[in-house]
Amino acid sequence: MGEIILNTSLEAVPLQAFLIVSLIMFFAGIYGFFTRKNMIMMLISIELILNSVDMNFAVFNRYLYPGEMEGLFFALFAIAVSACETAVAIAIVINVYRRFGNAEVNNIEQMKE
Amino acid sequence: MDYTIFILILPLLSFLAIGLSGTALKPRNAGAGGTVVAGLVTLLSYYTAFDYFTTQNVNGVWQSVTPCNFTWLNVGEKLHIDLGIMLDQVSVMMLVVISTVSLMVHIYSLGYMKGERGFGRYYAFLSLFTFSMIGLVVATNIFQMYIFWELVGVSSYLLIGFYYSKPSAVAAAKKAFIVTRFADMFFLIGILVLSYYTQTFDFGVLIPGDASLFGPALGTTFMGVSAMSWAMALIFIGGAGKSAMFPLHIWLPDAMEGPTPVSALIHAATMVVAGVYLVARLFPVYVGFTPEVLHGIAYVGAFTAMFAAVIAIAQTDIKRVLAFSTISQIGFMMVALGVSTGMGLSEHEHGGLGYMASMFHLFTHAMFKALLFLGAGSVIHAVHSNEMKDMGGLRRYMPVTHITFLIACLSIAGIPPFSGFMSKDEVITAAYGFSTGMGVWMTVIAGLTAFYMFRLYYSIFWRKEYKVRDGRRPHESPRSMTIPLLFLALLTVAGGFIPFGKFVTADGTQYIIRLNVTVAAISVSVALTGIGVAAYLYRRDNAYPAHLAKGFGKLYRAASNRFYIDELYLFITKKIIFNGISRSFAWFDRHVIDGAVNGLGRATLRTSQAIRGLQSGSVQWYAWVFLLATLLITLLAIW
């Protein structure tokens, strides 16, 4: 089954298409990180960024190094790390929520000027 | 003659000791210490004169001796400033004069300044002045003379402003210092120009200088006049400031705000003759290479003498009369120097008569003018006022002061056999030698001198009976004040008989003074006329002086107001310099320079306001900036 997908899809979809998708995902994530007030939304944006990076790894692995597996393993690694980091971030968000009553990022501006 | 260094060092040590002990030293001890040092200095000066005038004669010419001369400041190979002591006939004479008058003033002040606040400070300043003046007259080079010139100016400032709580005294001190400092600017420029061309400051090189030394200076011209003439004229301007020549005379009448013994020492006998001494010191240069400057000096002196004499006639403050009299007499000395045509003085050649006459007049004037001032101080001490209207008939109460004052007045009027007659006669003879006009001019001034001095004398001691107020009768001054008066009177009487020509002449040769009977007869009769008119007007109180004053109207009022020269100076400084020139500079300073600095500050504030948003404390903002920076670097890396 996999061979059918590979044989029919490899020449048809160019590399740049995947990269454009990942690029859009990346910048969408960045945009979301910059403009969202709610910290959970910021976390979701961060996830989007990380996912786009993982997609990049997978795509490059497939197109440039078809026989190797490093890209895929690194992507798995990155997903695991992102899960841990999300856990830590949620802990912080909970603390902020307990302190301020909402999870908005402009509560924590003590370090200005 | 190495002991002469002590003449310099002793007053300096006295100044330091009395000055630094401050209130720890009891006034009596400060006075005693200062007087003892002055006495030592006087003894040393007399011994120096004795030593010099008995040993330094070579073939009938007085030699100049330099006991010590060391390099004080070395700037480069050619420029060096020395300090030392040079003794020649004029400086030895000046040493005698300065130390004698200084000692008299020290003794007199023990009585006059008794009980005053700052007694110790007074004696410290007197010692400083003595040190500075002696350093000036024994200078070996013109720069040392300039250094001590300024020191003398400082001492004068400190002493005029002695009563520092009186605003008029403070203003007078400032005026004296600023006017003389202004003149000293020209003096310095003259020194620099002269030493630039001659490559030396030393008198030992300048005085016997010949055409080869002054050639470059004479050759270079600036605006049609040789650099040498410029230099000598500028140096004279410095001397004119210190010696109160017109128009730099304005500080001397105001300097009478200081204590009277100070006026006697500084502003009558010693400091004001520093200008005359300067011209006399450089006399060979003046008479040999820039005679036209010397003529200019004569005219300035003559005008000043007449100007001051006319003003003195209309003054009512006795110290002001004496101040203007001093200005007038220094005019005489300058004229005597200015009318000289050569250095030689002998049976056949009379070119150097003016020099000898000037120095002789300096000597006698110091004695009788100091006597006049100390006598005036005695009178002021008794009646507690400076004005003539508060005096009169004092001869009954103050016999010693009366007689000594009379002797001094006779001397300054030029009555034989007093010393003033001898010296003034020589001056007038020299003036006749220059031109008859100058001789007549000086004779007229001599007549005016006799008139206003005896106006002063009669107004103080005769005129009307003294009104005793609140039972306070004026009494004769204590012995500390009358002894100097008597000593100076003795010198005034005897000084005329000193064969001055044997000691002080321009080229060092000896000259026996001969009396020119015609000139003597004319001047004595003019003087007697002046005295007679003064006696007629002032011996007994009458209405004639007031009538005459009204008759002269505007001229009298102008003379009384010193011909408005002070107002002219105030006008120039306030309206022209302050308003016109200084105002634009002040505007520039406030708006452009301060504006630039303030603008820099404002710009910094504005910039900081603009970028303080960067530290917003918001994480998203920081991340946004981070992203921008990364993109920028990436773009730079690609390109």
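In every chain, residue numbers begin from 1 and rise along the written sequence. Ligands are numbered from 1 and chains lettered from A, in the order in which they are written. In keeping with the model being predicted, local features are shown solely for residues with a pLDDT of at least 70 and side-chain atom pairs are shown and tallied solely at 80 or more, while totals for entire chains, interfaces and linings include all residues.

> Which residues make up the overall build of chain B, and what are the values?
Check the secondary structure of chain B and you find 25 helices and 6 strands. Looking at chain B as a whole, 51% of its 639 residues are labelled buried. Contact criterion: two residues are in contact if their C-beta atoms, reconstructed from the backbone, are within 7 Å. Taking the intrachain contacts of chain B between residues at least 6 apart in sequence as the baseline, contacts between residues at least 24 apart amount to 78%. Secondary structure elements are defined from DSSP: runs of H or I of at least 4 residues count as helices, runs of E of at least 2 residues count as strands, and each element is numbered from the N terminus. Counting other C-beta atoms within 10 Å of a residue's C-beta gives its exposure: the residue is buried at 20 or more, exposed at 12 or fewer, and partly exposed in between, where C-beta atoms are placed from the backbone.

> So what's going on with the interface of chain B and chain A? Which residues, and what values?
Often the size quoted for an interface is simply the accessible area lost on bringing the parts together. Taken together, the 10 residues of chain B in the interface contact 10 residues of chain A. In this classification, Asp, Glu, Lys and Arg are treated as charged, Ala, Val, Leu, Ile, Met, Phe, Trp, Tyr, Cys and Pro as nonpolar, and every other residue, Gly included, as polar. By residue class, the composition of the side of chain B that touches chain A is 4 nonpolar, 5 polar and 1 charged.

> If you had to explain the nonpolar core to someone new, which residues and values would you point to?
If you look at the biggest cluster of nonpolar residues, it comprises 210 residues, and the most contacted ones within it are Val 335, Ala 370 and Phe 454 of chain B. Top contributing element to this core by residue count: helix 16 (residues 353–383) of chain B, with 19 residues. Those residues in contact with Ala 370 of chain B, other than ones at most four positions away along the chain, are Val 101, Met 104, Ala 264, Ala 268, Ala 269 and Leu 488 of chain B. Listed in part, the 5 residues of the second largest apolar core include Met 39, Met 42, Leu 43 and Ala 103 of chain A. In plain words, the nonpolar core is the set of buried Ala, Val, Leu, Ile, Met, Phe, Trp, Tyr and Cys residues that C-beta atoms within 7 Å link up.

> Can you tell me about the pairing of strand 3 (residues 65–75) of chain B, naming the residues and giving the values?
Side chains on a regular strand alternate between the two faces of the sheet. Following DSSP output, two strands are said to pair if at least two bridges run between them. Two strands pair when backbone bridges link them, and strand 3 of chain B and strand 4 (residues 79–87) of chain B are joined in this way by 8 bridges, in the antiparallel orientation. Across the sheet, the residue bridging to Cys 68 of chain B is Ile 85 of chain B, located in strand 4 of chain B.

> So what's going on with the environment of Phe 177 of chain B? Which residues, and what values?
Residues and elements named next belong to chain B. Mapped onto the secondary structure, Phe 177 falls in helix 6 (residues 167–198). Separated by 225 residues in the primary sequence, Phe 177 and His 402 place their C-alpha atoms 34 Å from one another. Leaving out residues up to four positions away in the same chain, Phe 177 has contacts with Gly 153 and Tyr 157.

> Describe unusual backbone geometry, with residues and values.
For residues besides glycine, phi is generally negative; the peptide bonds are generally trans as well. Residues and elements named next belong to chain B. Note the cis peptide between Phe 246 and Pro 247, where omega equals -5°. Looking at the element boundaries, Pro 247 is found in the loop between helix 9 (227–242) and helix 10 (251–254). In this model, Pro 416 is joined to Pro 417 through a cis peptide bond whose omega is 0°. Within the secondary structure layout, Pro 417 lies in the loop between helix 17 (399–413) and helix 18 (419–434). One non-glycine residue, Ala 244, lies in the positive phi region at around 55°. When you line up the elements, Ala 244 lands in the loop between helix 9 and helix 10. The backbone of His 384 sits at a positive phi, close to 60°, despite the residue not being glycine. Among the secondary structure elements, His 384 is positioned in the loop between helix 16 and helix 17.

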